[in-house]
Amino acid sequence: MRVLAAALLALSAQGVRAEDGYDLWLRYAPLEGEALERLETLSAIVAAPSDDPTERLAVSELMNGFQALRGRPDEIWLGLLSRPRDPGPDSITNSFGLGCSDQSVGGEGAFLVRTQGDAIWIAASSPIGCLYGAYALLRELSLGADPATIDIASAPAMPLRMLNHWDNPDGHVERGYAGRSIFDWWHLPERLDQRMIDYARANASIGINAVAVNNVNARAYMLEPRYIEKVKRLADAWRPYGIRVFLSARFSAPRDIGGLETADPLDPDVRRWWQDKADEIYAAIPDFGGFLVKANSEGQPGPQDYGRTHADGANMLAEAVGDRGTVIWRAFVYSAEDDTDRAMQAYNEFVPLDGQFADNVIVQVKNGPIDFQPREPFHPMFGAMPNTNLMFEAQITKEYLGFASHLAFLAPMWEEALDADTGHGGTVADVIAPVGMAGVANTGSDRNWTGSDFDQANWYAFGRLAWDPTLPSEQIAREWAAQTFSRDEDFIEATVPMMMESREAVVDYMTPLGLAHLMDTGHHYGPGPWVCDLARPEWNPCYYHRADADGIGFDRTESGSNALSQYAPEVAAQWSDPETIDPAFLLWFHRVGWDHRMPSGRTLWEELVHRYDTGVAQVDGIAATWAELGEYVDAERFRAVSENLAIQQREARWWRDASLAYWQSLNGLALPAGADPVPESLEHYRSLSFPEAPGN
Ligand code: BDP
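Residues numbered from 1 in each chain as written. Predicted model: local features only at pLDDT ≥ 70, side-chain atom pairs only at ≥ 80, totals over all residues. Heavy atoms only, no water.

Chemist: What exactly am I supposed to notice about the overall build of the protein chain here?
Modeler: Scanning the protein chain from N- to C-terminus turns up 20 helices and 17 strands. Relative to the globule expectation of 26 Å for 696 residues, the C-alpha radius of gyration of the protein chain, 26 Å, shows essentially globular dimensions. In terms of its C-alpha atoms, the protein chain occupies a principal-axis envelope of roughly 85 × 65 × 45 Å. Scored against the burial criterion, the 696 residues of the protein chain give a buried share of 60%. Summarising the internal contacts of the protein chain: among those between residues at least 6 apart in sequence, 74% fall at separations of at least 24. Working note: accessible area of the protein chain is about 25100 Å², and carbon and sulfur atoms make up 48% of it. (Helix = DSSP H or I, 4+ residues; strand = E, 2+ residues; numbered from the N terminus. Rg over C-alpha atoms; globule rule 2.2 N^0.38 Å. Buried < 20%, exposed > 50% of the residue type's maximum accessible area, 1.4 Å probe, protein only. Contact = heavy atoms within 4.5 Å. Areas by Shrake-Rupley, 256 points an atom, 1.4 Å probe, with all protein chains shown as cover.)

Structure below.
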């Protein structure tokens, strides 16, 4: 072997960690049988000595990964080549190698993993490609792939693959269900928690390359010098993992912390203030990603406070950032003063501004037109702003899908939106491909990171889809379950279908047939379809369901709000007729009578009851499946999942019962024959209150 044995390093045994979920999908549980034998034919990792921190990480990830997968740490060696070389070294046998400056492999993050003779090579044009390649190779091996046949050519589908944290500097996480914030602002910059490294590693392993560290409902003081020091420490720690840091910026910061009288984006002093602020940040963090801004939405300040447009505001910040970074401007805007259908307001506000945003502005659009509901049609802005950079915003944390205790695998939900044909010459995924995807993070201080083991799958799935939105959800579920729990085919065969049906079950027991936003006020925990009297009309569930004695649903056709007209004609045509629309969207777009005949032959009322019961039964089925899987999973995680499923079973019934009690109070209809009676009175369900519900 042509390895200069200048440094042959024996690896030390890695301590076996308890299975508390901390290791996520990066457990690298020892292989067995044939898969292990195949791996054992490989004897070394070969790399050129490198000062590049990312390249060194790639090598150490491979070493640690092989060591763990072989379960025999003492037999893995690292051979250092004397100089960098291209892939294809015939003389190196039985080994793995890295070549991280191969310019024939194009693009940020792209890599090849190829078997040549007895050697496996990772080739990339940059160190980060090598690191991504290392994780991809380990993923394949971890799934039991035969090293001799591994052949991957991969490149990210979109440049920005981002997490947005709704973490406040005091440690509270808005819509967080996994404990406190992972960011220890109090002790930064002096103290860097190991979690910050493990977090970056987890992100890099799925291709995430950008993180906004603070809540979009931002505190201006996070732009003060003391915070820039703290953020710099994170940026320095995350750089080797290919992660760029962004800050959510409060639009009124020039007034709040800058001593100015105004935050008017056309005011020269305001512009200078932001310019100086950007310069100050870039002096500390040369690869700072830029600003994320929630403006003129839900009480946040913005350019409209000064009679200016969203474009005026975004472009002012974009000028301050210049070609060093990006301004991500959120399209999640709606106003209490505007009685237009809330589902239409963002489109009305932004589409006329198409073409007016600077090149380094991205407009970030939620997957659907309202707010991260269990099911929404795709947002009509996708495809409608051809001259604007549009980015997709998903919510990984499950604000509206049962918090962390409900099992709901979200990849099918995102896939549904990404695959939707906009009718403007491409899918949603096509529209965002030149730009990116952001996911509202579900991480917290809980030992398992996400508040429940199965919620790790949503973090994983988000990263995998941002890398490649064409990946089928089922494949993502398989990969995740095998790496996280067990490669045993019987386990996978049971778990993957369970994950795949889980989101639809939530839709059915919470908001079936196109209903939306029926969660209780503020915390959004549990049902509150009876809430009709909040000051802001569009915060009331009644605003969304419009149910009364005659019927239920929101008429968004021509006879109603005509939100349908915001979609391309052929898309609108699919949804315009209550007789032919996919029942999943019926009550989103139509108001129909309780006796409306459904494709199933049932009346709407019967169908609604049927859907609630289906959702409840599915959760029972998932719990029963899981109960049989104890032999494949360590006791601690098995019990944790079982306990969450018991909560979900109880709460699915609660959703069904409370919702039915309320609908019956309006329509006076009896439950169809055979349906379980509702055990409590409507008053009982209405009286429940949960001031301590998390994440508010
Ligand atoms: C809603 C959340 C709220 C967020 C808002 C947003 O309830 O906490 O601030 O979205 O996206 O879903 O800005």
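Chemist: Quick question: what am I supposed to make of the sheet that holds strand 11 (residues 290-293) here?
Modeler: What links the strands of a sheet is backbone hydrogen bonding, and the strands pair in either a parallel or an antiparallel sense. Spatially, 8 strands are ordered 8-9-10-11-12-13-14-15 in a closed barrel, and the strand pairing comes out parallel. If you compare each strand with its neighbour and ignore which way they point, the axes differ by 25 degrees on average. Where strand 12 (residues 326-330) and strand 13 (residues 361-366) come together, 4 bridges link them in parallel fashion. Each residue of the ladder has a partner; that of Arg-330, found in strand 13, is Gln-364. (Pairing = 2+ DSSP bridges. Axes fitted to C-alpha atoms, helices over the stretch in contact; angles between N-to-C directions.)

Chemist: Help me understand the packing of aromatic side chains, please; the structure alone is not making it clear to me.
Modeler: The relation between two aromatic rings is expressed through the spacing of the ring centres and the mutual angle of the planes. With the rule as written, the count across this model stands at 49 aromatic pairs. Centroid distance Phe-183 to Trp-185: 5.7 Å. Interplanar angle 45 degrees. Geometry classified as tilted. Where Trp-185 meets Tyr-227, the ring centres are 5.7 Å apart and the plane angle is 50 degrees; that geometry is what we call tilted. Highlighted residues: Trp-185 in the loop between strand 8 (160-164) and helix 4 (194-205) and Tyr-227 in helix 5 (residues 225-238), separated in sequence by 42 residues. Tyr-227 shares its class with Trp-185; the two are buried. Put simply, the rings of Tyr-22, Trp-25, Phe-183, Trp-185, Tyr-199, Tyr-221, Tyr-227, Trp-238, Trp-449, Trp-459 and Tyr-460 pair up and form one aromatic cluster. The side chain of Arg-536 reaches across the aromatic face of Trp-539, ending 4.6 Å from its centre. (Phe/Tyr/Trp six-rings, centres within 6.5 Å; stacked < 30°, edge-to-face > 60°. Lys NZ or Arg CZ within 6 Å of the ring centre and 35° of its normal.)

Chemist: Please clarify how helix 3 (residues 127-142) should be interpreted in this entry.
Modeler: What sets the pattern is the α-helix's 3.6 residues per turn: residues three or four places apart point alike. Between its first and last C-alpha, helix 3 extends 22 Å over 16 residues, near the 22 Å set by a 1.5 Å rise per residue. When you tally the buried positions in helix 3, you get 14 out of 16 residues, the bulk of the element. Taken from the residues just after helix 3, Gly-144 is the one with a positive phi, measuring 95 degrees. (Expected span 1.5 Å × (residues − 1).)

Chemist: Just checking my understanding: could you explain the site of the ligand for this structure?
Modeler: As a matter of local geometry, the ligand sits amid 14 residues, with Glu-174, Lys-294, Arg-330, Asp-371 and Glu-399 nearest to it. Separating an oxygen atom of the ligand from a side-chain N or O atom of Asp-371 is a distance of 2.7 Å. At a separation of 2.5 Å, an oxygen atom of the ligand approaches a polar side-chain atom of Glu-399. (Near = heavy atom within 4 Å. Polar contact = N/O pair within 3.5 Å; in protein donor to acceptor, adjacent residues only side chain to side chain.)

Chemist: Where do I start with helix 2 (residues 53-70) in this structure?
Modeler: Here helix 2 spans 25 Å end to end across 18 residues, near enough to the 26 Å set by a 1.5 Å rise per residue. Of all 18 residues that make up helix 2, 14 are buried, and the element is covered over most of its length. With a side-chain oxygen positioned 2.9 Å from the backbone nitrogen of Thr-54, the residue opening helix 2 is Asp-52. Gly-71 occupies a position one or two residues after helix 2 and carries a positive phi of about 65 degrees.

Chemist: I would appreciate a short explanation of the state of the cysteines in the present structure.
Modeler: Every disulfide links exactly two cysteines, by a covalent bond between their sulfur atoms. In the structure shown here, the tally under the stated rule is 2 disulfides. The disulfide partner of Cys-100 is Cys-130, and the gap between their sulfur atoms is 2.1 Å. Between Cys-100 and Cys-130, the disulfide has an S-S torsion of -100 degrees and is therefore left-handed. Of the two residues, Cys-100 sits in the loop between strand 4 (95-99) and strand 5 (111-116) while Cys-130 sits in helix 3, which places them 30 residues apart along the sequence. Sulfur-sulfur distance for the disulfide between Cys-532 and Cys-542 comes to 1.8 Å. Of this pair, Cys-532 sits in the loop between helix 14 (489-510) and helix 15 (541-545) while Cys-542 sits in helix 15, and the two are 10 residues apart along the sequence. (Disulfide = S-S within 2.5 Å.)

Chemist: Honestly, the nonpolar core in this entry has me stumped. Any pointers?
Modeler: Grouped burial of nonpolar side chains is what soluble globular proteins tend to show. Trp-238, Trp-274, Trp-626 and Trp-663 are the most contacted members of the largest nonpolar core, which totals 232 residues. Of the residues forming this core, the biggest block, 11 residues, is contributed by helix 19 (residues 635-667). (Core = buried A, V, L, I, M, F, W, Y, C linked by side-chain atoms within 4.5 Å.)

Chemist: Before we go on, may I ask you to explain the UniProt feature "domain: Glycosyl hydrolase family 67 C-terminal" (unreviewed entry) in the protein chain in this structure?
Modeler: Residues annotated by UniProt as "domain: Glycosyl hydrolase family 67 C-terminal" (unreviewed entry) correspond here to residues 450-674. Between the C-alpha atoms that bound residues 450-674 the distance is 39 Å, and the span itself is 53% helix and 2% strand. (UniProt positions renumbered as here; feature names shortened; annotations may be inferred.)

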